[in-house]
Amino acid sequence: MSVSGLSRLGVLMAMSAAALLLPTAQAQQSRESIFAKVEPSLRDRAFMRLNYIVANVKTSSSDARDVTGPVLNRGDIKEYLGPGTAYAADYAAGNTPYTKLSVSFTNGTQFLDERLNNGMELDANNGCETVRDGLGTPCGIKARSGAMVGTPAVSVGYFFNDEYTWFVEAFVLAAPLRVSVYGDGNNNLNGREIIQLKLLPPVAILGRYFGEAQARVRPFVGFGASYAMFFDTKATSTLNTYQGGRSPGDTSVSLKNAMGYGPFAGVKMQLDDDWHINLNIGKIRFKTEATLITRNTTITGDSEVLKAYGPAVQGAMQVGEELEVKDRATGADASTTTAVMCLLAKYRDGREGCNLGTFVRKQSTVLDNTMFMLSVGRRF
Amino acid sequence: MKRLLLLAGLAAFFQSASAQGYAGAIVALSNVGMDCLVPAVSCDRQARGGRIYVGTQLSEASRINLGVGAIDGIEVGYMKFGRARSAGTATSFIIADPADPGADPVPVAVPATATAQADALTVAVAAHFPVTDAFGLAARIGAAYVSSTVKWTKEGRSTGSRTSNEIRPYLGLGLEYNIPDLIKLVGTYDWTQYSVDGQKGSATLLGLGVEKAF
């Protein structure tokens, strides 16, 4: 749904709620019947509101970082596929799955190792420090959330004094916000949906109204706190494939729940003794951290993530692809990158089927929410 | 300065107040003093912005008489500054010769943009200085909770953004023309500061609007 569509929906819902809740004779009767037994002093100071909340979210994300180390450490090719290795012995015996990926300098793994090391060094010197020690999550993989989300909510509040100045309001019931997270940064994930999640951010506001209790229009300022609970967090197939997940569901995501604080300001317009309309604008900042776990990581020559590396690393890979590696079983041409990663899975990690194992990445994100709340309320 | 603002805010906060409320809306030309890209192809710090505000007049006993006028109101508001934009170039690295992918990358200049925008919640005390029965001046001083965001693109793709929130001083000046029993026409100049990711400067609104008492 577009932002303008969402805003219109919010206004329509609030207007509908207002129309439904406007003080009618029936409503008056209902009030008497429902709240008649409530202590009068409590009833006079307590209020409830039906709100529609629209949050404009700005995301500041750090680059994703490897926690368990890069998929390909610098020197791995030489260490596990170079001279004197189990791979070299198998190659000499003709027991390796690929031909022509020899350990010789001019036509094999040593050559590739040196080109890649040189590429990592150059790209690191040109600003991508994370590839200096290996190839893991490329530089500049960021995330941003959808700009606008909205939800209806019910709140209850209480004035601490007879002047109706100091109050506390708690949002006790709200539909979870559905949030889509998109890739950001100069890479192939930019603009593509990578994570879907639900967010429940219960909010409490402590504030003070200005003006006399009977004034029709009363501004207020306050301080709000919220505890953001993230749940039903899912990585999309786009992210799973990008991370190297072999099968759907190989990548899982979790976000830390987060406490947020910020100021609120707004106005209450009294319609009659009981009913009012309220408009709040508040700002709450959440700092959270996402953890991505990808199992059964499989990287091939076609993997999109390879296109996000710097030009020197990509150049080294292109040169490597010219090595004319062939699948020994079928005799067909094979991608050098695919061959190297499969051989590393076998000779470094001890796994068959090109499975490089499980990798964990983390990403810190700050969500700056500007919350617009339109509500219709009444005293108990 | 910050302590003075804090004291003024607290004094206003705990004042017993009022008799009458009012609300206003301003459409404005905004200026966010962002640093332009170097070298810059274009740099436009001006855009459309606006402010909405709600105030309450202090009771007679609570007003502070200044001789030619009085501090007579407390206002809360929301200011939205438009997006300042700068276009220029940034350095990117490429393989210059496709036939030689193993060659060292070379730096090239690629199109880049930077944008900065800000919005703010404000709380202020308001002073009014009548000039004639219908015409007057207004001044506001208070604090603003300013959210500032910068975003960058390189070759048409977003390369990230940063947002920061800070409490900054807020000042406002205004001209007011009262149409009795109807509305007040207002012209305002609002000033605060923004700061994000090493960039900082003034953020201003110059606008026209209306105010209605309730």
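This is a predicted model, so every value here is computed, not measured. (Residues numbered from 1 in each chain as written. Chains lettered and ligands numbered in written order. Predicted model: local features only at pLDDT ≥ 70, side-chain atom pairs only at ≥ 80, totals over all residues.)

As a further point, take the overall build of chain B. Check the secondary structure of chain B and you find 1 helix and 10 strands. Going from the N terminus to the C terminus, chain B shows its helices and strands as α-β-β-β-β-β-β-β-β-β-β. For 214 residues, the compact-globule formula gives about 17 Å, and the C-alpha radius of gyration of chain B, at 23 Å, lies well above that figure. With the C-alpha coordinates of chain B rotated into their principal frame, the extents come out at 85 × 35 × 25 Å. Relative to its 214 residues, chain B shows a buried fraction of 42%. (Helix = DSSP H or I, 4+ residues; strand = E, 2+ residues; numbered from the N terminus. Rg over C-alpha atoms; globule rule 2.2 N^0.38 Å. Buried ≥ 20, exposed ≤ 12 C-beta atoms within 10 Å, placed from the backbone.)

Attention now goes to the interface of chain A and chain B. Facing the 38 residues of chain A at the interface are 38 residues of chain B. For the side of chain A that touches chain B, the secondary structure elements donating two or more residues are strand 1 (46-61), helix 6 (109-125), strand 12 (217-235), strand 14 (258-270), strand 15 (275-294), helix 8 (311-321) and strand 17 (359-379) of chain A. Residues belonging to the side of chain A that touches chain B are distributed by class as follows: 16 nonpolar, 11 polar and 11 charged. (Contact = placed C-beta atoms within 7 Å. Nonpolar A, V, L, I, M, F, W, Y, C, P; charged D, E, K, R; others polar.)

Residues and elements named next belong to chain A. For helix 9 (residues 336-347), spanning 12 residues, the distance from its first C-alpha to its last is 16 Å, which sits close to the expected 16 Å at 1.5 Å a residue. For helix 9, the buried fraction is high: 11 of the 12 residues fall into the buried class. Those residues of helix 9 lying buried are T336, T337, T338, A339, V340, M341, C342, L343, L344, A345 and K346. (Expected span 1.5 Å × (residues − 1).)

As assigned here, chain A comprises domain 1 (3-65 + 140-295 + 362-379) and domain 2 (72-135 + 298-356). Listed by partner, the interface residues are 5 residues for domain 1 of chain A and 7 residues for domain 2 of chain A. (Domains from an automatic or database assignment.)

To continue, consider the packing of helix 6 of chain A against helix 8 of chain A. Residues and elements named next belong to chain A. Where helix 6 contacts helix 8, the two axes come as close as 7 Å, and the packing angle between them is 165°. As summarised for this structure, helix 6 and helix 8 are arranged roughly antiparallel, according to the angle between their axes. Between helix 6 and helix 8 lies a crossing whose hand is right-handed. In this structure, helix 6 contributes L112, R115, L116, N118, G119, M120, L122 and D123 to the contact, and helix 8 contributes A312, V313, G315, A316, V319 and G320. Residues of the contact of helix 6 with helix 8, tallied by class, amount to 8 nonpolar, 4 polar and 2 charged. (Axes fitted to C-alpha atoms, helices over the stretch in contact; angles between N-to-C directions. Parallel < 35°, antiparallel > 145°, perpendicular 65-115°, else oblique. Left-handed = near helix turned anticlockwise from the far one by under 90°.)

Right, let's talk about the confidence of the model for chain A for a bit. Of the residues in chain A, 89% have a pLDDT of 70 or more, and the chain-wide mean is 86. Overall, residues 1-31 of chain A carries pLDDT values under 50, and its contacts beyond four positions in sequence, including any with other chains, amount to 26 contacts. (pLDDT = per-residue confidence, 0-100.)

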